[in-house]
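Observations on chain architecture
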Amino acid sequence: MIRLEDVTLFVRSALLGSFSNAAREAGLLPGQVSAAVHRLERDLDKRLFVRSTRSLRLTAEGEKYLPFAQEMLEVVRAGAESLHSGDNEPQGELRMAVPSDLGRNVLLPIITRFCAQYPKVSLRLSLSDQLSDVFRDPVDVAIRYGVLDNSSYVALPIAEDNRRVLAASPAYLAQHGRPQTLDEVVNHHCLLFTMNNQVYDKWSFPENGLRRQLIVKSRMLCDDADVARRWAVEGMGIVYKSWIDVSADVLAGRLEMLLPQHPGEAAPLNLICPHRKQFSPAIRHLHAVLREALRPITAQLRSLAAEKTHG
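We now turn to the structure provided with this report.

Each value, and the rule that gives it
Residues numbered from 1 in each chain as written. Predicted model: local features only at pLDDT ≥ 70, side-chain atom pairs only at ≥ 80, totals over all residues. Heavy atoms only, no water. Patch = residues over 30% accessible without salt bridge, like charges linked within 9 Å, V, L, I, M, F, W, Y side chains within 5 Å. Areas by Shrake-Rupley, 256 points an atom, 1.4 Å probe, with all protein chains shown as cover. Salt bridge = Lys/Arg side-chain N within 4 Å of Asp/Glu carboxyl O. Helix = DSSP H or I, 4+ residues; strand = E, 2+ residues; numbered from the N terminus. Buried < 20%, exposed > 50% of the residue type's maximum accessible area, 1.4 Å probe, protein only. Contact = heavy atoms within 4.5 Å. Core = buried A, V, L, I, M, F, W, Y, C linked by side-chain atoms within 4.5 Å. Domains from an automatic or database assignment. Pairing = 2+ DSSP bridges. Axes fitted to C-alpha atoms, helices over the stretch in contact; angles between N-to-C directions. Parallel < 35°, antiparallel > 145°, perpendicular 65-115°, else oblique. Left-handed = near helix turned anticlockwise from the far one by under 90°. Phe/Tyr/Trp six-rings, centres within 6.5 Å; stacked < 30°, edge-to-face > 60°. Lys NZ or Arg CZ within 6 Å of the ring centre and 35° of its normal.

This part takes up a nonpolar patch on the surface. On the surface, a cluster of nonpolar side chains totalling about 210 Å² of accessible area is made up of L4, M72 and V76. As for its position among the elements, L4 is in helix α1 (residues 4-16). A residue is classified by how much of its surface remains accessible, and L4, at 36% relative accessible area, is partly exposed.

So, about the pattern of salt bridges. In the structure shown here, the tally under the stated rule is 22 salt bridges. Linking D224 and R104 is a salt bridge whose minimum nitrogen-to-oxygen distance equals 3.7 Å. Linking D224 in the loop between β12 (221-222) and α8 (225-233) with R104 in helix α5 (residues 100-117), this pair joins segments that are 120 residues apart in sequence. Ionic pairing is found between E265 and R164, a salt bridge with its closest N-O pair at 3.1 Å. With a gap of 101 residues between them, E265 in the loop between β14 (256-258) and β15 (269-274) and R164 in strand β7 (residues 164-168) connect regions that are remote in the sequence. When sorted by exposure, E265 lands in the same class as R164, which is buried. Each of D101, R104, D224, D226, R229, R230, K241, D245, D249 and R254 takes part in salt bridges that share partners, so that together they form one network.

Looking at where L192 falls in the secondary structure, it is placed in strand β8 (residues 192-195). For L192, a relative accessible area of 5% corresponds to the buried category. Along the backbone, L192 and A228 are 36 residues apart, and their C-alpha atoms lie at a distance of 6.3 Å. Setting aside residues no more than four positions away along its own chain, L192 makes contact with V199, Y200, D201, W203, V216, K217, S218, M220, L221, C222 and A228.

What follows deals with the nonpolar core. Residues L107, I143, L166, W203 and L271 are the most contacted members of the largest nonpolar core, which totals 61 residues. For this core, the element with the most residues is helix α10 (residues 281-310), which contributes 7 residues. Three or more residues apiece are contributed to this core by two domains, here domain 2 (92-154 + 269-300) and domain 3 (163-267).

Below, the discussion takes up the sheet that holds strand β6 (residues 153-159). Here 5 strands make up an open sheet; going across it, the order is β4-β3-β5-β15-β6 and the pairing mixed. Of all the strands in the sheet, the pair left with one neighbour each is β4 (121-127) and β6. Shown here is a sheet whose adjacent strand axes are inclined to one another by a mean of 25°, direction ignored. Pairing analysis gives 2 bridges linking strand β3 (residues 92-98) to strand β5 (residues 141-145), with the strands arranged parallel. Pairing of A97 across the sheet is with A142, part of β5. Relative to β4, α5 is tilted by about 175°, and along the sheet it contacts β3, β4, β5 and β15.

Turning our eyes to something else, we now look at the packing of α1 against helix α3 (residues 30-44). When two helices pack together, their arrangement is captured by the angle between the axes and the distance separating the axes. The interhelical angle for the contact between α1 and α3, taken along N-to-C directions, is 110°, at an axis separation of 8 Å. Accordingly, the angle class assigned to the pair α1 and α3 is roughly perpendicular. When the axes of α1 and α3 are compared, the crossing they make is left-handed. Here α1 contributes D6, V7, L9, F10 and S13 to the contact with α3, which in turn contributes V33, A36, V37, R39 and L40.

Tracing the backbone shows V141 in strand β5. Residue class for V141 comes out buried when judged on its relative accessible area of 0%. Taking the C-alpha atoms as reference, V141 lies 5.5 Å from I272; in sequence the two are 131 residues apart.

Quick look at the packing of aromatic side chains now. A full pass over the atoms with the stated rule returns 8 aromatic pairs. Seen from their ring centres, W203 and Y240 are 5.3 Å apart, and the 35° between their planes marks the pair as tilted. Taken as a pair, W203 in strand β10 (residues 202-207) and Y240 in strand β13 (residues 239-242) lie far apart in primary sequence, 37 residues in all. Both residues of the pair, W203 and Y240, count as buried. Members of the aromatic cluster, joined through ring pairs, are F193, Y200, W203, F205 and Y240. Lying over the aromatic face of F193, K241 brings its terminal NZ or CZ to 4.9 Å of the ring centre.

Taken by themselves, the reported measurements are silent on function.
The following block contains the structure:
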């Protein structure tokens, strides 16, 4: 019979990359972790790891088994939590992954108020522009821009009508001029950042039912999208970012929205989680709080775009 502790040590070894790291985390000896994984392999009659003196990696069977093992552990954890949640009050550990700019400058105060309102929730927050895998990574939910591309996940919409916008500071526009067409944008200083280790240098715009794509270049690149927005505020160039990220700067006059007659590509914001998790009280309450807080921000984009286009 498969032991739950063996499955736990297998998952942690896979995610941490070594038996030693998993042992250190669990307060065990590396040999004990190795023995647990060997027991699990014997029970499954499959080899889960390729071992060497320098590395530890999953076999094809190990890769296939890992999400099921994680699911097993999560079901056990959720069952234990359900015994203490008869009043349906949000509680337990909530591990979140949020994009850097959005998390730091927009969502952080909302999430902080959520934690103050529900003191039984224990939060583990990760701010990064790396896309988290809610099955493989130690996260329960991820806030993510874009369209869901994996049917194993569920996307709870937070701001489905959000879009990307072009923006630059008044100082930059005074010095370099304001682009009048999309073609002119590529001749300006454009500020780039990476998303999941890929440079976001192809800026797309819907046009006459098709997609218009600008390939832009920059002498300034960062792996943190928050920095690109800050560079734009400092007058270093044009940025193409989610309206939610730049709305406060635009409304305060630190940035100006450019070419409102060319709406940017859709950037719906979703709360991503495995199907089983969407029903937890903490996630349902958090989703409602975020959706309510962001609705006025996206409404501002519609009114501002209409004003600039027809004004």
